[in-house]
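# Structural overview for review
Each chain, written out:
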Amino acid sequence: MRFSLLYAPTLKESPAEAEVVSHKLLLRAGMIRKVAAGVYTFLPLGYRVIKKIERIIREEMNRVDAQEILMPVIQPADVWRKTGRWTQYGPEMMRFKDRHEREFALGPTHEELVTALVMDELKSYRQLPLTIYQIQVKFRDEIRPRFGLMRGREFIMKDAYSFNASIEQLQKSYDDMYGAYTRIFKRCGLDFRAIQAATGLIGGKVSQEFTVLAESGESTILYCDSCNYAANDEVASTRLPEPSTEAIKSPEVISTPGVKSITEVSAFLNVPGTKIVKTLIYKYGAREIAAVLIRGDRDVNEEKLASLLGTTDFHLLAGMEWEDYPELIQGYVGPVGLTDQVRLIADSEISVMRNFVVGANKSDTHIINVNVGEDFQVEEWADVKLVKAGDKCPDCEGTLLSTRGIEVGQIFQLGTKYSEALGATFITEDGQVKPYIMGSYGIGVSRTAASSIEQNHDENGIIWPISVAPYEVSIIVLNYDRKEQKEMGDSVYEGLEKKGVEVILDDRIESAGKKFADSDLIGFPLQVIVGARTIKSGNIEVKVRATGDRREFPLDQAVDRIADLVIQMHESLKPED
RNA sequence: CGGGAUGUAGCGCAGUUUGGUUAGCGCGCCACGUUCGGGACGUGGAGGCCGGAGGUUCAAAUCCUCUCAUCCCGACCA
């Protein structure tokens with residue numbers, strides 16, 4: 001491709017709307033343009049990157065015998081009603097009616113549709129397992145799209161679904177996907193980790209996220225400093241401290257006028273937060289109330305609480321709502337003598353504490369030296385705490401550290417949630433009728449492109465790994481209007497094209513600086529420079545974008561050497577088998 | 001949806017507080033000339049319903065009302 005013909009409007013300054021580096025650089029490098037909030041057009045260079053990523057995904061999916069299909073963007077309400085998600089999904093699902101007043105949605109995901117698709121044909125265990133996938137546009141009407149491609153409303157996603165006859169078979173499909181994902185992200189040149197993840201609305205039990213490590217990421221990841229434990233903070237757990245060996249003391253009621261918050265209690269009674277138990281009142285479902293006990297210095301992890309309560313419809317009791325529960329005294333609620341109208345949930349960590357402070361369910365009063373089993377009973381223990389850096393690793397003696405990450409893929413063992421809801425069954429070897437056991441596996445394709453930039457850039461622009469770069473080589477002819485340079489540039493260009501190298505020939509009549517700057521900005525992995533100096537020396541200069549290394553090749557070998565370099569760079573991204 | 005902010009040329013911005021000729025600047029764009037290995041220089045040009053609608057006024061980018069859009073922080077999420 002000749003740069004003079006390429007539609008790649010580069011920008012010297014980044015548009016004010018862009019905040020994160022990937023968004024800025026995608027705009028500046030002429031790869032995307034915004035159409036509406038969270039909705040973008042991919043320009044030729046940007047779309048080539050997307051296609052590169054898609055191709056890697058296809059190759060790895062096909063490698064584990066997943067089969068590609070293409071489902072529609074729009075989906076009828078019907079199939080969503082059967083699984084209950086038509087009401088569950090909320091306003092994030094963009095809904096509309098056709099001219100006959102039939103209800104549809106833009107597909108935010110395709111579990112329902114794909115299950116409905118196969119249930120008519122997959123009738124026997126002999127036909128299982130089956131894994132199918134598609135690369136399709138998804139639409140989620142995000143409350144707040146942001147960060148360019150990182151959180152768009154319309155985005156490109158690869159989604160795969162496995163249909164299995166047994167847990168063992170599901171595990172195999174899941175493991176295959178795990179392997180494929182590992183290869184995919186390795187091939188894309190990303191620094192990533194597979195971590196334990198929350199399952200959220202999709203359902204299911206076992207799930208892992210593939211997360212690209214980057215400071216601009218939206219998830220917080222906790223990982224162990226000595227073993228390979230790594231988890232999203234939504235699900236991260238921690239090893240409980242050793243049980244306290246203090247002798248049990250008798251509880252004592254203490255007047256604490258105006259002292260409500262943990263900070264105040266801690267200062268007033270001169271005890272650390274770790275010796276206080278706070279009682280948080282949550283309202284959930286229609287009108288049910290839960291009291292959550294947690295160590296004073298901790299925060300509740302609302303993801304964990306959601307799966308415990310079985311709903312995301314809950315919130316801390318707030319403002320006027322307190323008036324509906326006169327027996328609960330705001331700021332002084334505690335487990336001792338708590339009304340049994342309230343569901344009491346205790347974080348597991350409370351079980352190792354002794355002689356702690358709690359609210360007394362009476363204004364301006366706390367109780368000290370309280371103990372579980374002595375002064376109140378707990379029937380429901382759970383892990384509802386937000387784990388943070390410095391906590392102990394749940395798997396070993398190590399300590400957890402935290403970092404930020406961008407979730408680019410997630411794999412789930414769904415189980416039978418969708419197959420049961422839709423009545424999607426098969427006949428087992430011994431004649432029983434059973435719902436498929438399913439897995440679901442997603443990759444955010446456009447987000448993967450953005451996260452690659454988050455991880456690979458410098459002050460001059462993007463540094464694409466060669467596997468996803470829009471072109472592998474750019475040839476910068478400094479003075480294309482001079483015959484010798486034009487001829488030399490053309491011949492290298494043609495030579496490389498003949499060898500199958502993806503190459504851009506910068507034949508524009510522009511200043512040298514502009515051409516270098518554009519090439520750096522767009523992030524072509526290799527720059528071949530043809531100028532007066534080249535003509536004089538008979539050597540062609542090649543710059544490696546990532547490292548800035550410059551090499552010189554004699555003119556007659558240039559094409560071969562450059563092509564070799566390209567191959568070499570690809571090799572370095574190959575996963576080991 | 002709550003909080004904050006912004007809409008002026010393709011991009012980045014000034015002008016709005018205190019209403020007053022033809023609405024400016026930088027980059028980019030076009031023409032010519034000079035330059036020619038890291039976003040060159042000179043000269044000349046083109047390009048604006050000042051987000052939209054309504055109002056106040058002799059007069060509105062500037063004041064008022066409504067509206068639309070975009071961005072940031074939060075609740076939601078690949």
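Procedures and definitions
Residues numbered from 1 in each chain as written. Chains lettered and ligands numbered in written order. Predicted model: local features only at pLDDT ≥ 70, side-chain atom pairs only at ≥ 80, totals over all residues. Heavy atoms only, no water. Core = buried A, V, L, I, M, F, W, Y, C linked by side-chain atoms within 4.5 Å. Buried < 20%, exposed > 50% of the residue type's maximum accessible area, 1.4 Å probe, protein only. Domains from an automatic or database assignment. Contact = heavy atoms within 4.5 Å. Near = heavy atom within 4 Å. Polar contact = N/O pair within 3.5 Å; in protein donor to acceptor, adjacent residues only side chain to side chain. Helix = DSSP H or I, 4+ residues; strand = E, 2+ residues; numbered from the N terminus. Nonpolar A, V, L, I, M, F, W, Y, C, P; charged D, E, K, R; others polar. Pairing = 2+ DSSP bridges. Axes fitted to C-alpha atoms, helices over the stretch in contact; angles between N-to-C directions. Salt bridge = Lys/Arg side-chain N within 4 Å of Asp/Glu carboxyl O. Phe/Tyr/Trp six-rings, centres within 6.5 Å; stacked < 30°, edge-to-face > 60°. Expected span 1.5 Å × (residues − 1).

### Considering the nonpolar core
- One finds Met 31, Met 61, Tyr 181, Ile 184 and Phe 185 to be the most contacted residues of the largest nonpolar core, which totals 57 residues.
- Counting contributing residues per domain, this core is built from domain 1 (45–73 + 109–237 + 402–454) and domain 3 (471–571), each supplying no fewer than three.
- When near neighbours in sequence (up to four residues on either side) are disregarded, Phe 185 contacts Leu 190, Phe 192, Phe 210, Val 408, Gly 409, Ile 443 and Thr 448.

### Description of the protein's contact with RNA strand B
- With respect to spatial proximity, 41 residues lie near RNA strand B, and among them Arg 144, Arg 151, Glu 407, Arg 447 and Asp 520 are the closest.
- For RNA strand B, the fraction of atoms within 4 Å of the protein that belong to sugar or phosphate moieties is 48%.
- Gly 513 has a polar backbone atom sitting 3.5 Å from a sugar or linking oxygen of RNA strand B.
- Between RNA strand B and the protein, one listed contact pairs a sugar or linking oxygen with a side-chain N or O atom of Arg 533 at 3.2 Å.
- Where the surface near RNA strand B is concerned, the elements lending two or more residues are β1 (32–36), α12 (512–522), α13 (532–537) and β30 (539–544).
- With seven residues, the single largest contributor to the surface near RNA strand B is α12.
- When the residues that make up the surface near RNA strand B are grouped by side-chain class, the tally is 13 nonpolar, seven polar and 21 charged.

### Considering the sheet that holds strand β5 (residues 95–97)
- Spatial strand order, β4-β6-β5: three strands in an open sheet with antiparallel pairing. Each edge of the sheet is formed by a strand with only one pairing partner; in this case those strands are β4 (74–76) and β5. Within the sheet, the average angular offset between the axes of one strand and its neighbour, ignoring direction, is 35°.
- With three bridges joining them, β4 and strand β6 (residues 103–106) adopt antiparallel strand pairing. Counterpart to Gln 75 in the pairing with β6 is Ala 105.

### Concerning the pattern of salt bridges
- All told, the structure shown has 43 salt bridges when counted by the stated rule.
- Between Arg 545 and Asp 520 there is a salt bridge; the shortest N-O distance is 3.9 Å. Of this pair, Arg 545 sits in the loop between β30 and β31 (550–554) while Asp 520 sits in helix α12, placing them 25 residues apart in sequence.
- For Arg 545, a relative accessible area of 4% gives the class buried.
- A relative accessible area of 10% places Asp 520 in the buried class.
- Taken together, the shared-partner salt bridges connect Arg 55, Glu 59, Glu 60, Arg 183 and Arg 187 into one network.

### Description of the packing of aromatic side chains
- If you walk through the whole model with that rule in mind, you get 14 aromatic pairs.
- Taking 5.4 Å as the distance between ring centres and 75° as the angle between the ring planes, the aromatic pair formed by Phe 163 and Tyr 436 counts as edge-to-face. A residue pair is termed long-range when its members are at least 10 positions apart, and Phe 163 in strand β8 (residues 154–164) and Tyr 436 in the loop between β23 (433–435) and β24 (437–444) qualify at 273 residues.
- Judged by its relative accessible area of 0%, Tyr 436 falls in the buried class.
- Note on Tyr 174 and Tyr 441: the rings are 6.5 Å apart at their centroids and 50° apart in plane angle, and the pair reads as tilted. Of the two residues, Tyr 174 sits in helix α6 (residues 167–187) while Tyr 441 sits in strand β24, which places them 267 residues apart along the sequence.
- Residue classification places Tyr 441 among the buried residues on the basis of a relative accessible area of 0%.

### Description of the sheet that holds strand β15 (residues 288–295)
- Strand order in the open sheet formed by five strands is β16-β14-β15-β17-β20, with mixed pairing between adjacent strands. Both outer strands of the open sheet, β16 (314–316) and β20 (380–382), are each paired with one neighbouring strand and no more. Going from strand to strand, the sheet's axes swing by 30° on average, the running direction of each strand aside.
- As defined by bridge partners, strand β14 (residues 277–284) adjoins β15 across eight bridges and the pair is classed as antiparallel. Opposite Tyr 284, over in β15, you have Glu 288 as the bridge partner.

### What to know about unusual backbone geometry
- The peptide bond linking Leu 128 to Pro 129 adopts the cis configuration, its omega dihedral lying at 0°.
- Along the polypeptide, Pro 129 turns up in the loop between α5 (111–118) and β7 (130–139).
- For Asn 355, which is not glycine, the phi dihedral falls at a positive 50°.
- Along the chain, the position of Asn 355 falls in the loop between β17 (343–347) and β18 (356–359).
- Positive phi outside glycine occurs at Asn 361, with the angle close to 60°.
- In this fold, Asn 361 is placed in the loop between β18 and β19 (365–370).

### Focus: helix α11 (residues 483–498)
- Taking 1.5 Å as the rise per residue, α11 with 16 residues should run 22 Å; its terminal C-alpha atoms sit 22 Å apart, in good agreement.
- Structurally, α11 contributes buried residues whose contacts are with β27 (473–477), β28 (503–506), β29 (526–530), α13, β30 and α14 (558–571).

### Examining the side chain of Thr 220
- By the secondary structure assignment, Thr 220 is in strand β11 (residues 219–224).
- A polar side-chain atom of Thr 220 sits 2.6 Å from a polar atom in the side chain of Arg 404.
- If near-sequence neighbours (up to four positions away) are discounted, Thr 220 is found in contact with Ala 231, Asn 232, Asp 233, Ser 402, Thr 403 and Arg 404.

### Comments concerning the environment of Gly 444
- Looking at the secondary structure, you find Gly 444 in strand β24.
- Judged by its relative accessible area of 16%, Gly 444 is buried.
- With 36 residues separating them in the primary sequence, Gly 444 and Val 408 have C-alpha atoms 5.3 Å apart.

### Observations regarding the pairing of β17
- Among the five residues in β17, four count as buried, and that is most of the element.
- Here four bridges tie β15 to β17, and the two strands are oriented parallel to one another. The residue of β17 that forms the bridge with Ala 290 is Arg 343.
- Examined bridge by bridge, β17 and β20 share three bridges and lie parallel to one another. Counterpart to Ile 345 in the pairing with β20 is Glu 380.

### Structural notes on the side chain of Asn 456
- Structurally, the position occupied by Asn 456 is in the loop between α10 (445–455) and β25 (457–458).
- Take Asn 456: its relative accessible area is 19%, and that puts it in the buried class.
- Dropping the residues within four chain positions of it, Asn 456 is found in contact with Gly 189, Ile 462, Ile 463 and Pro 465.

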